[in-house]
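Topology and contacts: notes
Listed here are the chains, written in short residue letters.
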Amino acid sequence: MRRAAAVRPAGARTAPTRRTAPVRRTALGLLAAALLAGCGTGAPGAATEASATPATTAPSGGTAAPDPSRSPAGRTPEGTLLVADFGADTVTFVDPGPDGSGRGGAPIASVKAGTAPYGLVVGEDGRAWVATAEGVAVVDTRQRTRLALIPYATESGPVTTGEYRGGGMGIAMAPDGGHVYVGVNVPGRDGAVEVIDTATREVTGTARVGMRPFDVDVSPDGREVYATDHDSFDVTAVDADTLATRRMEVAPYGTEGGLGSWLKPHYAVVRPSDGALLLPFEGERLAVLDPRTGRVAIERMTANTHQHGAALTSDGTLLVVGTGPIGPDDEDPSLTVRAPDGTERIVPLDGPHEDVAVSKDGRTAYVTGGFTRDGHWNGITVVDLDDEKSEPVRLAAGNRPLGISVL
């Protein structure tokens, strides 16, 4: 039976509530008390890469190793997928098949990036900037080679793997391509956003943000950078010129449970039309944050599942990855396809997933199976956004793929 979620009409602006829905509070208390592994707790070692057991595998079974015979000579074809292999030290290039459908596709090449790569962003010049535990890797996606590894200015502890490792997480690029902004996790403490000059490949500034910056986004005009601080229940806005910061709480379910809470922000997208940040929670509530005022409006969602990655298509359609249940009343993994008017279509997925990217024509979604918690699988699910009757296609891709981009 689906829970009734307390929501406000779309567009209504309210201060973030600290009241917690009764069913969610009960589930939260049980989970926090048991100290379950997963994104609910920020404690290192709770659910590491080594302890994760895949619930499903990629079509090829096990790690999806590239097939050298399929690797294209010369430049990487347009439309190729690039994924960050969180379970390894590489990024993998994936042929998505004819018309990007996933059918007949396969990995074509891998390039060493650095330990446990998480997020990535690709510039107009074809260079990918990959947030790893060691530093930000710069990869020439056209020639499929690593150009540099830029160490962090922030001390984040030993280089390790697993869900709670220190080092880079979310990463984004300025609209003009002149700077890259990476969120650096410092286990157990506030993190940082580091500014990298893309011409010199050097860290030119650091701003303190909240705990565990899962995601980083940039305003449409490039004046502000936003870190989604998973373990702080907030978003930190960073002035791109002065690096001055301000924190905005985003906690539709309250902050009860602290680090043990599952009901924290994960990923965000910036709506180009008004600069608002869209942060999905639990398939029940979409938090719409106005960064100018810090106010949050709550809109109803319908998937009723724990949610992580998000993306926007060019027409304003919001795609949100549902990772699966965290409580007995939650529903299975899914992809929410939310139209600008708020109507939603829920596409069931086979097994947990983490992040999502959309094809340049806006017709196809690519959802990574890496997942930050246990239950990951080595592949991508391909969803046709135009044909509601089509079945998703599972495509082998890398080793615990998290971040993804369409080249």
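Keep in mind that what you see is a predicted model, and the values were worked out from it rather than measured.

The rules behind each value
Residues numbered from 1 in each chain as written. Predicted model: local features only at pLDDT ≥ 70, side-chain atom pairs only at ≥ 80, totals over all residues. Heavy atoms only, no water. Helix = DSSP H or I, 4+ residues; strand = E, 2+ residues; numbered from the N terminus. Buried < 20%, exposed > 50% of the residue type's maximum accessible area, 1.4 Å probe, protein only. Pairing = 2+ DSSP bridges. Axes fitted to C-alpha atoms, helices over the stretch in contact; angles between N-to-C directions.

1. Some words on unusual backbone geometry
Not every positive phi belongs to a glycine, and glutamate 282 is a case in point at roughly 60°. Within the fold, glutamate 282 resides in the loop between β17 (277–281) and β18 (285–290). At phenylalanine 371, a residue that is not glycine, the phi angle is positive and equals roughly 65°. Its place among the elements puts phenylalanine 371 in the loop between β25 (364–368) and β26 (379–384).

2. Let's talk about the pairing of β18
Counted residue by residue, β18 has six buried out of six residues, so it is predominantly covered. Side chains of β18 alternate between two faces, with Arg285, Ala287 and Leu289 and Leu286, Val288 and Asp290 buried alike. In the sheet, β17 pairs with β18 via five bridges, with the strands oriented antiparallel. The residue of β18 that forms the bridge with proline 280 is leucine 286. The hairpin turn running from β17 into β18, its antiparallel successor, is three residues long, and glutamate 282 in that turn takes a positive phi close to 60°. Note that β18 and strand β19 (residues 295–300) share six bridges and pair antiparallel. Of the residues in β19, the one forming a bridge with arginine 285 is arginine 300.

3. Things to note about the sheet that holds strand β7 (residues 145–151)
What holds strands together in a sheet is hydrogen bonding between their backbones, with the strands either parallel or antiparallel. The four strands are arranged β4-β5-β6-β7 in an open sheet whose pairing can be described as antiparallel. With partners counted over all chains shown, the strands left at the sheet margins are β4 (120–122) and β7, one partner each. The sheet shows a mean angle of 20° between the axes of neighbouring strands, taken without regard to direction. Here β4 runs beside strand β5 (residues 127–131); their pairing, made up of three bridges, is antiparallel. Bridge assignment links leucine 120 to a residue of β5, and that residue is valine 130.

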